[in-house]
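These are the residues of each chain, in order.
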Amino acid sequence: MKAKGVRLHGANDLRLEEFELPEITDDEILVKVVSDSICMSTYKCAILGTEHKRVHEDVAEHPAIMGHEFAGDIVQVGKNHQDKFKPGMKFTLQPALNYKGTMWSPGYSYEFFGGDTTYCVIPAEVMELGCLLEYKGRAYYEASLAEPMSCSIGAFNAAYHTQMGVYEHQMGIKEGGKLAIMAGAGPMGLGALTYALHRDVRPGMVVVTDVNQERLDRAEELFPVEEYAKEGIELHFVNTGEFENPVEELRKISGGTGYDDVFCYAPVAAVVTQSSAILGRDGCLNFFAGPTDKQFSAEMNFYDVHYNSTHVMGTTGGNTADMIESLELTAAKRINPAVMVTHIGGLDAAAQTTLNLPKIPGGKKLIYTHLEMPLVALTELRERGKELSDSRYEELANIVDEHQGLWCPEAEEYLIKNFIDNK
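Residues numbered from 1 in each chain as written. Predicted model: local features only at pLDDT ≥ 70, side-chain atom pairs only at ≥ 80, totals over all residues. Heavy atoms only, no water.

> Which residues make up the sheet that holds strand β12 (residues 205–210), and what values go with them?
Think of a sheet as strands paired side by side through backbone hydrogen bonds, with each pair either parallel or antiparallel. With parallel pairing, 6 strands are arranged side by side in an open sheet as β13-β12-β11-β14-β15-β16. Each end of this open sheet is capped by a strand with a single partner; those strands are β13 (234–239) and β16 (311–313). Put simply, the sheet's adjacent strands are angled 15° from each other on average, direction ignored. The pairing of β12 with β13 spans 6 bridges and is parallel. Its bridge partner being in β13, Val206 is matched across the sheet by Leu235. The strands touched by helix α8 (residues 246–253) are β11 (178–182), β12, β13, β14 (259–264) and β15 (279–287); relative to β12, the strand with the most contacts, the crossing angle is about 160°. (Pairing = 2+ DSSP bridges. Helix = DSSP H or I, 4+ residues; strand = E, 2+ residues; numbered from the N terminus. Axes fitted to C-alpha atoms, helices over the stretch in contact; angles between N-to-C directions. Contact = heavy atoms within 4.5 Å.)

As structure tokens, then:
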């Protein structure tokens, strides 16, 4: 069958094109993709091409479909999987396959498997690994965002602490401890924040830093300090750009003892060094943001490593259990991944959005693959409607405004019903 998608042909070479999908085998599943959220990792893949660890050398001859944060509907099931999956089921999936030691992943490595497309074929290894998940929720975008949420969930679960003289790692962030999310007012940082505030094991203090006051103000609007104080969590939003010595200010907020858990959400040497400097005794630093520079480095205090048991680690992606946790917490309305979303658009906007992602302000860009629509900020929906004399945009704006300016199931349902040709 014919599909239409954005495919990688080489570094900085993304093309929206029509192509023929092969007939599925007994061990494969054909799906209709509805939503895909664009990840900074996809940008890195797009600009690096075959220099990226997940991209195959012959991508020019066998272009890879972009996008790995996707959800949709199952269309056809090969006979080997018909006991578990049925046509009409909603799905999402864990893209970090790590299959037989390879780094292959949808959105990077497969010619017929990825998220920025109308339809794709899910290969056998995804089902073999248990990475194809039935999604029973209401909104497709929530399933798409389960993958980026799972990355932060994995980071929290991978944190560890020790006791003096006891050589055992106690996994996870410190309960009731002090936690800092550095450069954390962006989309992934806000995802980490909603998780930190609503997970079972929670910190007693959370400090979110950034140098963009507008983003910090928006974060505080979404997560009111007074509300979480009632739940016993001391919440701070700090613009480190306002201080001559940000480390001194952050340590002062912690009471002088430093932080038990620090998550660094920007591959910037100064931010990494600050993250190291604010660690308390046995503090765990997670370098979350993956750099594109293979020689990226930053100073870290090794006196504290030796005498104060501070330690650094990195995580990339989550696992299937993290995805399931994200879906369950979202379904229970304990977390709201929509705090990450600031723009929506159609498949025709995906290539340019991906290639220009660092230059586009805001958070997550959500692509609806059966829609033709330029990328538009949620805050500009009403203005776009007036420009086009299109009342549909204004109705979308009304729905978003009723939900604190956030994307929501009602908005998605209106979009699908009124904007998308579902033939």
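Picking up after the structure, the text goes on.
> Tell me about the packing of aromatic side chains, and please be specific about residues and values.
Throughout the structure, instances matching the rule amount to 13 aromatic pairs. Measuring from centroid to centroid gives 6.5 Å for Tyr414 and Phe419, while their planes differ by 65°, and the two rings are edge-to-face. There is no split in this pair, since Tyr414 and Phe419 are both buried. Counting every residue linked through ring pairs, the aromatic cluster contains Phe70, Phe91, Trp104, Tyr110 and Phe113. (Phe/Tyr/Trp six-rings, centres within 6.5 Å; stacked < 30°, edge-to-face > 60°. Buried < 20%, exposed > 50% of the residue type's maximum accessible area, 1.4 Å probe, protein only.)

> So what's going on with the pairing of strand β9 (residues 160–163)? Residues and values would help.
Along any regular strand the residues' side chains alternate between the sheet's two faces. Bridge count for β9 against strand β10 (residues 166–171) is 3 bridges, and the pairing is antiparallel. Note on β10: the bridge partner recorded for Gln163 is Val166. Linkage of β9 to β10, two consecutive antiparallel strands, is achieved through a turn of 2 residues, within which Gly165 is found at a positive phi near 80°.

> Explain helix α1 (residues 40–48) to me, and be specific about the residues and the numbers.
Within the sequence span of α1, burial applies to Thr42, Tyr43, Lys44, Cys45 and Ala46. Packed against the buried residues of α1 are β1 (2–10), β2 (13–20) and α12 (350–355).

> Before we move on, can you summarise the side chain of Lys90 with the specific residues and values?
Mapping Lys90 onto the fold places it in strand β6 (residues 90–93). For the buried residue Lys90, which engages in no salt bridge, the nearest side chain bearing the opposite charge is Glu412, 6.1 Å off. A polar atom in the side chain of Lys90 sits 3.1 Å from the backbone oxygen of Gly137. If near-sequence neighbours (up to four positions away) are discounted, Lys90 is found in contact with Gly72, Asp73, Leu133, Glu134, Tyr135, Gly137, Arg138, Ala139 and Tyr140. (Lys, Arg positive; Asp, Glu negative; His and termini not counted. Salt bridge = Lys/Arg side-chain N within 4 Å of Asp/Glu carboxyl O. Polar contact = N/O pair within 3.5 Å; in protein donor to acceptor, adjacent residues only side chain to side chain.)

> Account for the pairing of β12, naming residues and giving values.
Extensive coverage of β12 is indicated by the burial of 6 of its 6 residues. Neither face of β12 is open: one carries Met205, Val207 and Thr209, the other Val206, Val208 and Asp210, and all of them are buried. Pairing analysis gives 4 bridges linking β11 to β12, with the strands arranged parallel. Paired with Lys178 across the two strands is Met205, which belongs to β12.

> Describe the nonpolar core, listing the residues and the values that go with them.
In this structure, Leu193, Phe223, Ile344, Tyr368 and Trp407 are the most contacted members of the largest nonpolar core, which totals 67 residues. Among the elements that line this core, the one with the most residues is helix α5 (residues 187–198), at 7 residues. Apart from residues no more than four positions distant in its own chain, Leu193 is found in contact with Ile181, Val206, Val208, Phe223, Leu235 and Phe237. With 20 residues, the next largest nonpolar core counts Val31, Phe70, Leu93 and Val126 among its residues. (Core = buried A, V, L, I, M, F, W, Y, C linked by side-chain atoms within 4.5 Å.)

> With reference to specific residues and values, describe the sheet that holds strand β4 (residues 64–65).
If you trace the 3 strands from one edge of the open sheet to the other, you get β2-β1-β4, paired in antiparallel fashion. If you trace the sheet from one side to the other, it starts and ends with β2 and β4, each paired once.

> Quick rundown of the pattern of salt bridges? Include the residues and the values.
Tallying each qualifying case throughout the model produces 16 salt bridges. For the salt bridge of Asp26 with Lys79, the shortest nitrogen-to-oxygen distance reads 3.8 Å. With a gap of 53 residues between them, Asp26 in the loop between β2 and β3 (29–38) and Lys79 in the loop between β5 (70–77) and β6 connect regions that are remote in the sequence. Residue Lys79 is classed as exposed on the basis of its relative accessible area, which comes to 56%.

> Talk me through the packing of helix α4 (residues 146–158) against α5; I want residue IDs and the actual numbers.
Direction vectors running N to C along α4 and α5 enclose 60°, while the axes themselves pass 9 Å from each other. By the angle between their directions, the pair α4 and α5 is classed as oblique. When the axes of α4 and α5 are compared, the crossing they make is right-handed. Only Met188, Gly191, Ala192, Thr194, Tyr195 and Ala196 of α5 make contact with α4, whose side of the interface consists of Pro148, Met149, Cys151, Ser152, Ile153, Phe156 and Asn157. A class-by-class count of the residues in the contact of α4 with α5 yields 9 nonpolar, 4 polar and no charged. (Parallel < 35°, antiparallel > 145°, perpendicular 65-115°, else oblique. Left-handed = near helix turned anticlockwise from the far one by under 90°. Nonpolar A, V, L, I, M, F, W, Y, C, P; charged D, E, K, R; others polar.)

> Outline a negative patch on the surface, listing residues and values.
Together, Glu51, Glu57, Asp58 and Glu61 give the surface a local cluster of negative charge. As for its position among the elements, Asp58 is in the loop between α1 and β4. Take Asp58: its relative accessible area is 35%, and that puts it in the partly exposed class. (Patch = residues over 30% accessible without salt bridge, like charges linked within 9 Å, V, L, I, M, F, W, Y side chains within 5 Å. Areas by Shrake-Rupley, 256 points an atom, 1.4 Å probe, with all protein chains shown as cover. Charge placed at Lys NZ, Arg CZ, Asp CG, Glu CD.)

> Could you give an account of the packing of helix α14 (residues 391–401) against helix α15 (residues 409–418), with specific residues and numbers?
Put simply, α14 and α15 touch, their axes get as near as 9 Å, and they point 165° apart. As far as their axial angle goes, α15 and α14 are roughly antiparallel. For α14 against α15, the interelement crossing comes out right-handed. Between α14 and α15, the contacting residues are Arg392, Glu395, Leu396, Ile399 and Val400 on the first element and Glu410, Ala411, Tyr414, Leu415 and Asn418 on the second.

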